[in-house]
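Listed below, chain by chain, are the residues.
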Amino acid sequence: MRSSYIFTSESVSEGHPDKVADQISDTIVDLFLSKDAEARIACETLTTTNLVVLAGEIRCKGVYENGEWAEGALAEIEAAVRATVRRIGYEQSGFHWETFTFENNLHGQSAEIAMGVDEGSNKDEGAGDQGIMFGYATDETPGLMPATLYYSHKILETMAADRHSGAAPFLEPDAKSQVTLQYENGVPVGAVALVVSTQHKAGYCLQGANADAARYGELKDYVTGVLTRTLPDGFITDATKIYINPTGAFEIGGPDGDAGLTGRKIIVDTYGGAAPHGGGAFSGKDPTKVDRSAAYITRYLAKNIVAAGLAKRCTIQLAYAIGVSKPLSLYVDTHGLLRPQALAALQGVDHLIHTGDIGGPQILAELERIAPLSVVRGNNDGDAWADGIPEHLTLRFGAISLYVLHDLKRLAIDPKAEGIDAVIAGHSHKPLHEERDGVLYLNPGSAGPRRFKLPIGVAILHIDGGRVHAEMITLEV
């Protein structure tokens, strides 16, 4: 696991053609579920120049039954789709909410899928399809999302709000953002590059028939202000590369500029590339589709693990088979977790001792980059990579002897009789610093997950000739 690196994520606005398609598909989901709480919907949308096409499979009492549409249903669906496009803000010659051509190719759900999914007298409701789903959370931002994606979203949220309110009347709905951040010790510390491409009214560009440098300057100053207000203080410096509409002009946009399809922005919809993705999209699907519901619950679980201080990052995977109610597998990874503040506090030491649960070989590699390392196996380190790591060991530094183990309750020797000067343990996460019968007993606490609202900390041992004493350091995290 690298601690210093550059990482990038992107976001797209509500007016991006793929997101227009996503929102239309979700409009159909909302409409059908408002009619029938057990409706089944798998709605795909295509958008292009003055055209919206729906396709997919549905089942909805009172709306579509026995292969027939209820009276007024088709007109209500079309009205809902046009209202969505109007809310987004498209009133352009190439894509206008009132005048685009609308095609509805929704049809009934397969009876064979329904047989496997529907709850019955002898079975629970089954998953709507097979697949793998991931949830992720990180403490990089207040929203527990990766910082690169978090700020990419915030940039476009601000611009959309200003467009709707009239504060930025020169903006049109289609836009994209991209944020590249520098990470040091796993923490974002600065912006390397920022990109915003936004559709605009005629003339707010440097190139093309309508080019107007003064108007482009107004747009550029506005976007620069959004970037400055969105990124943390000090992130944007003279070294930050900023690109605003780098093509020179962006008057033709939305579905008129590029076709849009439901489900093509799955990385934007999740974690910006910072976590795995199972491949399934969210939009246009009712809750029986585990692509959506299982991804939501894994995010909920990962977020609560991080919010509770149990991990700095958390990845969770679920896997399902179609028609089967319970997941086939559950995978949880808290990424070993050594906090960047702990790594910083350990810089400059001559030797490192790790007594807690290790979590994975990447943690050992990260510590070994700081200083020579001695480590004992934790009670959760049962995988093959931990084979050969001892449960306890004795270290000697000059005249000083240290006895190291994971759990102090498993201490099986008489330290004083064995000539031990200090016993160092982990496991409980509760800091301990006391002397008994001339032997120092030390538990530095947790340098990673927070347990039971206990402090996060490390301990520095100072050996001076024949004496040893410990400095307990509480970390601000």
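Residues numbered from 1 in each chain as written. Predicted model: local features only at pLDDT ≥ 70, side-chain atom pairs only at ≥ 80, totals over all residues. Heavy atoms only, no water.

Draft legend 1. Region of interest: the sheet that holds strand β1 (residues 5-12). Spatial ordering of the open sheet is given by β1-β10-β11-β12, a layout of four strands whose pairing is mixed. At either margin of the open sheet sits one strand with a lone partner, and together these are β1 and β12 (241-244). Averaged over all pairs of adjacent strands, the angle between their axes in this sheet comes to 15°, without regard to strand direction. Where strand β11 (residues 187-200) lies against β12, four bridges are found, and the strand directions are parallel. Each residue of the ladder has a partner; that of Leu-194, found in β12, is Ile-242. Sheet strands in contact with helix α5 (residues 213-230) are β10 (171-184), β11 and β12, and its direction is about 130° off that of β12. (Pairing = 2+ DSSP bridges. Helix = DSSP H or I, 4+ residues; strand = E, 2+ residues; numbered from the N terminus. Axes fitted to C-alpha atoms, helices over the stretch in contact; angles between N-to-C directions. Contact = heavy atoms within 4.5 Å.)

Draft legend 2. Expanded view of a nonpolar patch on the surface. Taken together, the side chains of Ile-297, Tyr-300 and Leu-301 make up a nonpolar region of the molecular surface, amounting to roughly 280 Å² of accessible area. Inspection of the secondary structure assignment puts Ile-297 in helix α7 (residues 290-307). (Patch = residues over 30% accessible without salt bridge, like charges linked within 9 Å, V, L, I, M, F, W, Y side chains within 5 Å. Areas by Shrake-Rupley, 256 points an atom, 1.4 Å probe, with all protein chains shown as cover. Salt bridge = Lys/Arg side-chain N within 4 Å of Asp/Glu carboxyl O.)

Draft legend 3. Spotlight on the pairing of strand β2 (residues 40-48). As paired elements, β2 and strand β3 (residues 51-59) share nine bridges and run antiparallel to each other. Across the sheet, Ile-41 pairs through a bridge with Ile-58, a residue of β3. Once β2 ends, the chain turns through two residues before running back antiparallel as β3, passing Asn-50 with a positive phi of about 50°. Sheet topology places β2 next to strand β13 (residues 260-261); two bridges connect them, and they run antiparallel.

Draft legend 4. Summary view of a negative patch on the surface. Taken together, Asp-414, Glu-418, Glu-435 and Asp-437 make up a surface patch of like negative charges. Following the sequence through the fold, Glu-418 ends up in the loop between β19 (400-405) and β20 (422-424). For Glu-418, a relative accessible area of 53% puts it in the exposed group. (Lys, Arg positive; Asp, Glu negative; His and termini not counted. Charge placed at Lys NZ, Arg CZ, Asp CG, Glu CD. Buried < 20%, exposed > 50% of the residue type's maximum accessible area, 1.4 Å probe, protein only.)

Draft legend 5. Broad picture of the pattern of salt bridges. Inspection of the entire model under this criterion finds 16 salt bridges. In this structure, Lys-19 engages Asp-22 in a salt bridge whose closest nitrogen and oxygen atoms are separated by 2.7 Å. Of this pair, Lys-19 and Asp-22 are both found in helix α1 (residues 17-35), three residues apart, which corresponds to roughly one turn of the helix. Comparing Lys-19 with Asp-22, the two get one shared label, buried. Residue Lys-19 pairs with Asp-269 through a salt bridge whose shortest N-O separation is 2.7 Å. With Lys-19 in helix α1 and Asp-269 in helix α6 (residues 266-269), this pair connects stretches of sequence that are 250 residues apart. Counted as one network, the salt bridges with shared partners bring together Glu-14, Arg-87 and Arg-163.

Draft legend 6. Local environment of empty space enclosed by the protein. According to the stated counting rule, one finds two cavities of 30 Å³ or more in the structure shown. Roughly 80 Å³ of volume is contained in the largest cavity. Every residue lining the largest cavity is counted, 13 residues in all, and those nearest its centre are Met-133, Phe-134, His-277, Gly-278 and Ala-295. At the level of elements, β9 (131-138) and α7 are the ones that each hand at least two residues to the lining of the largest cavity. When its residues are assigned to classes, the lining of the largest cavity shows seven nonpolar, five polar and one charged. Estimates place the volume of the second largest cavity at around 60 Å³. (1 Å grid on protein atoms, 1.4 Å probe; cavity = no way out; pocket = protein on both sides within 12 Å on 5 of 7 lines; lining within 4 Å. Points joined across faces, edges and corners; volume = space filled by probe spheres on them. Nonpolar A, V, L, I, M, F, W, Y, C, P; charged D, E, K, R; others polar.)

Draft legend 7. Highlighting the nonpolar core. By size, the foremost hydrophobic cluster in this structure holds 32 residues, and its most contacted members are Ile-155, Met-159, Leu-181, Tyr-222 and Val-223. The greatest single-element share of this core, amounting to seven residues, is contributed by helix α4 (residues 147-165). Contact partners of Leu-181, with chain neighbours within four places excluded, come to Tyr-5, Ile-6, Phe-7, Ala-147, Thr-148, Tyr-151, Pro-188, Gly-190, Ala-191, Val-192, Leu-231 and Phe-235. Counting 27 residues, the second largest nonpolar core, distinct from the first, contains Val-20, Tyr-64, Ala-73 and Ile-77. (Core = buried A, V, L, I, M, F, W, Y, C linked by side-chain atoms within 4.5 Å.)

Draft legend 8. A look at the packing of aromatic side chains. For the coordinates displayed, the defined rule picks out 10 aromatic pairs. Plain terms: the ring middles of Tyr-150 and Tyr-151 are 5.2 Å apart, the flat faces sit at 80° to each other, and that makes the pair edge-to-face. In this structure, Tyr-150 and Tyr-151 share a single accessibility class: buried. Summarising the aromatic geometry, the rings of Tyr-151 and Phe-235 are spaced 6.5 Å apart at their centres and angled 65° between planes, so their arrangement reads as edge-to-face. Here Tyr-151 is found in helix α4, whereas its partner Phe-235 is found in the loop between α5 and β12, with 84 residues between them in sequence. By the burial criterion, Tyr-151 is buried, and Phe-235 matches it. Directly above the ring of Phe-100 sits Arg-82, whose terminal nitrogen or CZ lies 4.3 Å from the centroid. A cation over an aromatic ring shows up here: Arg-436 above the ring of Tyr-441, its NZ or CZ 4.2 Å from the ring centre. (Phe/Tyr/Trp six-rings, centres within 6.5 Å; stacked < 30°, edge-to-face > 60°. Lys NZ or Arg CZ within 6 Å of the ring centre and 35° of its normal.)

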